[in-house]
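# Notes for the structure review
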Amino acid sequence: EVKVVPASQSKPAMRAPKLIRVFVADATEARPGQSVTICYGVMNATSVKLEPGGRSLPVAEQRCETATINATTTYKLVVTGKDGSTETQSITVKVN
């Protein structure tokens with residue numbers, strides 16, 4: 001038996017799974033020379049890079065990095081998925 005499902009009840013088209021689960025900083029403002037902890041978590045990824053600098057980071061479900069900040073900086077996490085897709089998120093930490 002074949003069941004016909006009306007278009008209004010059909011499932012939406014499959015979308016690529018979300019790669020970045022979390023990307024946060026422990027502060028949005030800092031003083032010059034202060035350390036800021038940036039944490040991320042990714043899934044279904046083959047590579048993770050943190051800008052500025054383009055430094056490669058380990059693919060991890062949960063990991064934190066510490067950076068010393070001297071000027072207002074926008075950190076960008078760039079993640080490449082197993083299917084070749086990419087996802088980015090940004091965080092700006094302002095220096096007072």
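Here the structure is shown first, and the text comes after it.
Predicted model only: the values in this text are computed from it and were never measured. (Residues numbered from 1 in each chain as written. Predicted model: local features only at pLDDT ≥ 70, side-chain atom pairs only at ≥ 80, totals over all residues. Heavy atoms only, no water.)

### Considering the nonpolar core
The cut-off we apply is this: Note on terminology: a nonpolar core comprises buried Ala, Val, Leu, Ile, Met, Phe, Trp, Tyr and Cys residues joined through side-chain atoms within 4.5 Å. Accessible area is worked out with a 1.4 Å probe on protein chains only. A residue is then buried under 20% of its type maximum, exposed over 50%, and partly exposed in between. Secondary structure elements are taken from DSSP: a helix is a run of H or I of four residues or more, a strand is a run of E of two residues or more, and numbering for both begins at the N terminus. Two residues qualify as a contact provided that any one of their heavy atoms is within 4.5 Å of a heavy atom in the partner residue.
In terms of nonpolar packing, the biggest core is built from 19 residues, with Phe23, Val42, Leu77 and Val79 touching the most fellow members. Residue assignment for this core shows that the elements contributing at least two residues are β1 (20-25), β3 (34-42), β4 (45-51), β7 (73-81) and β8 (86-95). A per-element tally of this core places β3 first, with 4 residues. Residues within four places of Leu77 in sequence aside, it is in contact with Ile20, Phe23, Tyr40, Val42, Val48, Lys49, Leu50, Leu57, Glu87, Thr88 and Gln89.

### Considerations on the sheet that holds β8
The criterion, for reference: Here the rule is simple: two strands pair whenever DSSP picks up at least two bridges between them.
The 5 strands lie next to each other as β2-β8-β7-β4-β5, forming an open sheet whose pairing is mixed. At either margin of the open sheet sits one strand with a lone partner, and together these are β2 (29-30) and β5 (55-57). Across 8 bridges, β7 lies against β8 in antiparallel orientation. When the sheet's bridge partners are listed, Leu77 is paired in β8 with Gln89.

### Things to note about the sheet that holds β1
The criterion, for reference: Note on definitions: angles span 0 to 180 degrees between N-to-C directions of axes, and those axes are lines fitted to C-alpha atoms, for helices only across the stretch in contact.
The antiparallel open sheet is built from 3 strands, whose spatial order is β1-β3-β6. The open sheet has two edge strands with one neighbour each: β1 and β6 (63-69). Put simply, the sheet's adjacent strands are angled 20 degrees from each other on average, direction ignored.

### Focus: unusual backbone geometry
For the bond from Glu51 to Pro52, the omega torsion is 0 degrees, close enough to zero to count as cis. Counting through the fold element by element, Pro52 comes out in the loop between β4 and β5.

### Some thoughts on the side chain of Thr73
Note the threshold: In protein, a polar contact means a hydrogen-donor-capable atom and an acceptor-capable atom, both N or O and within 3.5 Å, with residues adjacent in sequence counting only if both atoms are side-chain atoms; elsewhere, any N or O pair within 3.5 Å suffices.
Position of Thr73 relative to the elements: it lies in strand β7. Classification of Thr73 as buried rests on a relative accessible area of 16%. In terms of polar contacts, Thr73 uses its side chain to reach the backbone carbonyl oxygen of Ala71, at 2.7 Å. Once residues lying within four places of it in the same chain are set aside, the contact partners of Thr73 are Pro52, Ile91, Thr92 and Val93.

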